[in-house]
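Structural overview
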Amino acid sequence: MKFTNGYWLKKDGWNVQHPREIQSIVPVGNGVRVFAPTRHIAFKGAELDGSQLTITLEPAGEGILRVRLEHFRGYCELAPNFALAPLEGDGTVAIDSAKKSAVVTSGLLRAEIGGEDHFELRFYDGDREITSSILKSMGIAISPEGEKFIHEQLVIQPGESIFGLGEHFGPVVKNGQVVDMWNADGGTASEQAYKNVPFYFSDRGYGVFVNHPEKVSYEIGSEVNTRVQFSVPGNVLEYFVIAGPTPKDVLRRYTSMTGRAPQVPAWSYGLWLSTSFKTDYSEETVNGLLDQMEERGIPMSVLHFDCYWMRPSHWCDFVWDPELFTHPEEMLTRYHNRGIKICVWINPYIAQQSHLFEEGKEHGYLLHALDGSVRQWDHWQSGMGWVDFTNPEATIWYKNELKKLLRQGVDCFKTDFGERVPTDVIWFDGSDPQRMHNYYTYLYNQAVYEAIAEERGEEEAIVFARSGTAGSQSFPVHWGGDSEPTFVSMGETLRGGLSLGMSGFGYWSHDMGGFEGKPDPKVFIRWFPFGMLSSHSRLHGSDSYRTPWIYGNEAVRTAQRFVALKNRLMPYVLQVAREVTSDGIPVMRHMILEHPKDRTSAHVDTQYYFGSKMIVAPVFSQSDEVEYYLPTDGWTNLLDGSRRERAGWYSETHALDSLPIMIPDGTVLPLGEHSEQTVYNWADNVCLYLFGLVPGEQTVTVPSLESDVTFNVTVTESKVTITSDSGFPWSVQVVAPLKSIEIATGSQEPMNFTDLASGERIIADANAVEFTYSLIVAK
């Protein structure tokens, strides 16, 4: 929201006031409280009839400072609030009453506020200033109608880039954009977003989290072009400044406050096949799809039943359509016997035709209108109401309905919707309707996730969610919503996923081929490897199927290749996923997370890191051309062993079943033995692929079904030594531009992963491999 008309004038009829100086500072807890009048107090009595802004600074964790701006402090505290970890931080406080200034620290993060005849608040990480709130940055803004807002503006430096704010599908660098935190069902082609997260980070090495679940309005260099402005309605604005120095450090600290995603079941990383939305499907139809996938050698992990597993206009009653699915328990058993998990679509709405509507109305489980009646409308489902998850009994009621399905044999739920939440309502617990609009999705997905965890155990809990807000990352997985079947929509989808990853969400998926319409075969084929090289991979459409054979033989071959690759990559994928839980680092990463000082990486949003050892550059063109950027020297394409020796931009033309999947020199990439499934003993017969032998030492951890296996890899100028505690057979494959490799110990056999450059695999002798080599570059 803008409050000015240019830099000098205010919007017509608006009263906007800014702190001019500090009147006094007092200690409060382990921080300080600052009283800052909005006019210069030059003489006794000058303070009369004037406004003040009260600013509280305090540590809130290692490297985190809380800032609270208040006008009238007698306001009522509103709910809900984000579910944050305890915010207790040790720090230091120094007050200089004579100079009317103070310093508050938490770790290396320091805030300095002053002064006697001016006002400013500056933040430092060590000796380096990272951002500041200067004159005319903080403000109280009152509209002509009397509505009040509190705003803050933090300075951005020349060349500084801003990231995050949830799953927005425009440019990943947010500079110049207006972004409002208000969840909406807007598809992927507009400024609206399903997942709004009031957190951003800067490539200068800090982050800012605005602790408000209601609508936070951002002007990112779009009102004052040297500042990020954020504002909320009311008398109070609270935000946290989070230290780096790297983006990963910022994410680590931010997710320590708001939550991290747990590990998800290994079966979820495989291919999900959906019935699609408005297509015809019955048990017979679905069996035919599964049979054809099997006949074509495209392994599946999950079968998803979309909306019409229930009767039309009954959503959600959680009852299988009896005309199409006569014996659901027996059907689900048959699918499980084929090794396939089952997902079904749900939403948090109860249609009037559902038998649950009267039950929900009678017990007060549905959201109420202002007159005390059930709040209903005809969007989506006729007469539908919203489950009121602020009512504990309503939450239990909803979870119990899900548990019935879980006992039938359903394994997980696609938790669709949650964005269309009205504000002319009364919540059971008295929550503020504005604050509940975005927060509703947190309670909804929490209830579904907990139902699965309670019934099956936490290690099996997973949802497939569309909506979200800060903290929703604790209930994985999320997908990117309704996209178009075009290359441009494929590009905007990637941008949304990268932004969400930089907002604390570790796992993310999207509809391969786009959701709407029927994609051109080339779009479908190009989207497929992008989908398989996302954390989670789902084929889903609206009114047409997304089975590969519909799009031709080339689509089938591409599907075979990349499903097999994802399955063999499981040892690596599971390594990467542990960083989600331990540090809040996403599986799919914007380039800036791995190269925070690379100015070019900051603006690249057409490729991504899959983990820290793989750059994926999807092909977004009918011409088969792709441009991609390598930030360092020495890379090998995983698919064909081709080399790029120097950093920089490259333009290539790729066959339909190919794309740049670039591995940096020095990588030890573990690949599993099995290409048919995601769940197997990943350490048994694992092959370590050594890309571009670079002197140094590293430890590679490979999960197994029992305990982890570690490999200690030492590379010198002429020798490689690998030792392991593995009790399983394993092998080594060198992928490097070498003319010759002289093997000192270990037997040899041809490698069996034909997607890599030709060479020989070295079979481990007991728990060690050692061989010498000469670095003679092949011509």
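Just above sits the structure.
Just so it is clear, the model here is predicted, and its values are computed rather than measured.

1. Looking at the overall build of the protein
Helices and strands together make up the secondary structure of the protein, namely twelve helices and 52 strands. Its C-alpha radius of gyration of 28 Å places the protein within 12% of the 28 Å reference for a compact globule of 779 residues. When its C-alpha atoms are laid out on the principal axes, the protein stretches across 90 × 70 × 45 Å. Counting the 779 residues in the protein, one finds 61% classified as buried. Long-range contacts, defined as pairs at least 24 residues apart, comprise 68% of the intrachain contacts of the protein with a sequence gap of at least 6. Counting only carbon and sulfur atoms, one obtains 48% of the accessible surface of the protein, whose full area is about 27900 Å².

2. A look at the sheet that holds strand E45 (residues 709-715)
Here four strands make up an open sheet; going across it, the order is E44-E45-E46-E51 and the pairing antiparallel. Looking at strand neighbours, the two that pair on one side only are strand E44 (696-702) and strand E51 (768-772), the edges of this open sheet. Neighbouring strand axes in the sheet, compared pairwise and without regard to direction, differ in orientation by 10° on average. Pairing geometry for E45 and strand E46 (residues 719-724), over five bridges, is antiparallel. Residue pairing across strands places valine 715 opposite valine 720, the latter belonging to E46.

3. Re a nonpolar patch on the surface
Among the surface-exposed residues, Tyr7, Trp8 and Leu9 lie close enough to one another that they form a single nonpolar patch of about 410 Å² accessible area. For tryptophan 8, the location among the structural elements is in the loop between strand E1 (4-5) and strand E2 (9-10). Accessibility expressed as a relative area gives 71% for tryptophan 8, which makes it exposed.

4. Topic: the packing of aromatic side chains
Under the counting rule described, the total for this entry stands at 48 aromatic pairs. Ring plane angle 90° and centroid distance 5.2 Å describe the contact between phenylalanine 389 and tyrosine 398, whose orientation is recorded as edge-to-face. Here phenylalanine 389 matches tyrosine 398 in class, with each residue buried. Here a set of aromatic residues connected by ring pairs shows up, and it is made of Phe82, Phe199, Phe209, Phe240, Tyr254, Tyr439, Tyr442, Tyr449 and Phe475.

5. A few points about empty space enclosed by the protein
Applying the stated criterion across every chain, the model contains two cavities of 30 Å³ or more. The computed volume of the largest cavity comes to approximately 90 Å³. Residue lining of the largest cavity: 14 residues in total, with Thr4, Lys10, His18, Lys136 and Gln153 positioned closest to the centre. Residue composition of the lining of the largest cavity, by class: four nonpolar, six polar and four charged. Here the second largest cavity is characterised by a volume of approximately 30 Å³. Around the second largest cavity sit Gly497, Gly501, Phe505, Gly506, Trp508, Pro586, Val587 and Met588, which together line it. Across the lining of the second largest cavity, the residue classes tally to five nonpolar, three polar and no charged.

6. A closer look at the layout of surface pockets
The space that makes up the largest pocket amounts to roughly 630 Å³. Forming the walls of the largest pocket are 30 residues, and the residues nearest its centre are His212, Glu214, Pro233, Val236 and Arg435. Residue assignment for the lining of the largest pocket shows that the elements contributing at least two residues are strand E7 (64-70), strand E20 (227-233), strand E21 (236-243) and helix H6 (433-456). For the lining of the largest pocket, the leading source of residues is E20, giving three residues. Taken together, the residues of the lining of the largest pocket sort by class into twelve nonpolar, eight polar and ten charged. If you add up the space inside the second largest pocket, you get close to 380 Å³. Lining the second largest pocket are 19 residues; nearest its centre among them are Pro299, Met300, Arg338, Gly339 and Glu676. The dominant element in the lining of the second largest pocket, judged by the number of residues it contributes, is helix H2 (residues 283-295), at three residues. Along the lines of polarity and charge, the residues of the lining of the second largest pocket split into nine nonpolar, six polar and four charged.

7. Looking at the pattern of salt bridges
This structure, assessed with the given rule, holds 46 salt bridges. For glutamate 112, the salt bridge goes to arginine 110, with nearest N and O atoms at 2.9 Å. For aspartate 411, the salt bridge identified is with arginine 456, shortest N-O distance 3.0 Å. With a gap of 45 residues between them, aspartate 411 in the loop between helix H5 (392-408) and strand E28 (412-415) and arginine 456 in helix H6 connect regions that are remote in the sequence. A relative accessible area of 27% places arginine 456 in the partly exposed class. Each of Glu58, Arg66, Arg68, Glu70, Arg73, Glu77 and Glu238 takes part in a single network of salt bridges with overlapping partners.

8. Overview of the pairing of strand E5 (residues 31-37)
One face of the sheet, then the other: side chains in a regular strand alternate in exactly this way. Most of E5 sits out of view: six of its seven residues are buried. Pairing geometry for strand E4 (residues 24-28) and E5, over five bridges, is antiparallel. Across the sheet, valine 26 pairs through a bridge with arginine 33, a residue of E5. Bridge count for E5 against strand E6 (residues 52-59) is six bridges, and the pairing is antiparallel. The partner of valine 32 across the bridge, within E6, is leucine 57.

9. Some words on the packing of H2 against helix H3 (residues 328-337)
Where H2 contacts H3, the axes come no closer than 12 Å and their chain directions differ by 5°. Judged on the interaxial angle alone, H3 and H2 are roughly parallel. From H2, Glu283, Val286, Asn287 and Leu290 reach across to H3, where they touch Met331, Arg334 and Tyr335.

10. So, the sheet that holds strand E35 (residues 608-610)
Strand order across the open sheet formed by six strands is E34-E35-E36-E41-E38-E39, with antiparallel pairing between neighbours. Edge positions in the sheet fall to strand E34 (588-589) and strand E39 (643-644), since each has one partner strand and no second.

11. Focus: H5
For H5, with 17 residues, the first-to-last C-alpha span of 25 Å sits near the 24 Å given by 1.5 Å per residue. Three or more residues of H5 are buried, namely Ala394, Thr395, Trp397, Tyr398, Lys399, Glu401, Leu402, Lys403, Leu405 and Leu406. Tucked into the core, H5 has its buried residues touching strand E24 (341-346), strand E25 (349-350), helix H4 (355-363), E28 and H6. Two or three places before glutamate 393, at the start of H5, stands the capping residue asparagine 391, its side-chain oxygen 3.0 Å from that residue's backbone nitrogen.

12. A closer look at the side chain of histidine 540
Of note, histidine 540 is situated in the loop between strand E33 (537-539) and helix H9 (553-568). Among the polar contacts made by the side chain of histidine 540, one reaches the side chain of serine 274 at a distance of 2.6 Å. Within polar-contact distance, the side chain of histidine 540 engages the side chain of lysine 414 at 3.3 Å. When neighbours within four sequence positions are excluded, histidine 540 is seen to be in contact with Ser274, Ser276, Phe277, His304, Asp306, Lys414, Asp511, Met512, Gly514, Phe515 and Arg546.

13. Some details on H4
Within H4 the residues assigned to the buried category are Leu356, Phe357 and Gly360. Taken end-on, H4 shows its buried residues confined to a sector of 110°, consistent with a single buried face. For H4, the exposed residues lying more than 90 degrees away from the buried face are Glu358 and Glu362. Residues of H4 that are buried sit in contact with E25, strand E27 (385-386) and H5. For H4, the side-chain oxygen to backbone nitrogen distance between the N-cap and leucine 356 is 3.0 Å, and the N-cap itself is serine 354.

The rules behind these values
Along each chain, the written sequence defines residue order, and numbers are assigned to residues from 1. Note on the predicted model: pLDDT of at least 70 is required for a residue's local features to be given, and 80 or more for side-chain atom pairs to be given and counted; whole-chain, interface and lining totals, by contrast, use all residues. Just so you know, side-chain values use all the structure's heavy atoms and leave hydrogens and water out. The helix count covers DSSP runs of H or I at least four residues long, the strand count covers runs of E at least two residues long, and both are numbered beginning at the N terminus. Throughout, radius of gyration means the C-alpha value; the globule benchmark is 2.2 Å times the number of residues raised to the power 0.38. Relative accessibility decides the category of a residue: with a 1.4 Å probe and only protein chains considered, values under 20% of the type maximum give buried, values over 50% give exposed, and everything between is partly exposed. What makes two residues a contact is simply this: any of their non-hydrogen atoms within 4.5 Å. Surface accessibility in these figures is a Shrake-Rupley result with a 1.4 Å probe; residues are shielded only by whichever protein chains are displayed. Two strands are counted as paired when DSSP detects at least two bridges linking them. An axis is simply a line fitted to the C-alpha atoms; with a helix, the fit covers only the stretch in contact. Between two such axes, the angle follows the N-to-C directions and lies from 0 to 180 degrees. Exposure above 30% relative accessible area and the lack of any salt bridge qualify a residue for a patch; like charges then connect within 9 Å, and the nonpolar side chains Val, Leu, Ile, Met, Phe, Trp and Tyr within 5 Å. Put simply, a salt bridge is a Lys or Arg side-chain nitrogen that is within 4 Å of an Asp or Glu carboxyl oxygen. Two rings from Phe, Tyr or Trp (for Trp, the six-membered ring) form a pair when their centres sit within 6.5 Å of each other. Planes less than 30 degrees apart are called stacked, planes more than 60 degrees apart edge-to-face, and all others tilted. For cavity detection a 1 Å grid was placed over the protein atoms alone, and a set of points counts as a cavity when a 1.4 Å probe fits there but cannot get out; an open set counts as a pocket when protein lies on both sides within 12 Å along at least five of seven lines, with lining residues being those that have an atom within 4 Å of a point. Grid points are joined across faces, edges and corners, and a volume is the space filled by probe spheres set on the points. For this classification, Asp, Glu, Lys and Arg are treated as charged, while Ala, Val, Leu, Ile, Met, Phe, Trp, Tyr, Cys and Pro are nonpolar and the rest, including Gly, are polar. For classification purposes, an angle smaller than 35 degrees is called roughly parallel, one larger than 145 roughly antiparallel, one from 65 to 115 roughly perpendicular, and anything else oblique. Take the residue count of a helix, subtract one, and multiply by 1.5 Å to get its expected span. Nitrogen and oxygen atoms within 3.5 Å of one another constitute a polar contact, given that in protein one can donate a hydrogen and the other can accept it, and given that sequence-neighbouring residues count only through two side-chain atoms. It is the directions from the helix axis to the C-beta atoms whose arc is reported.

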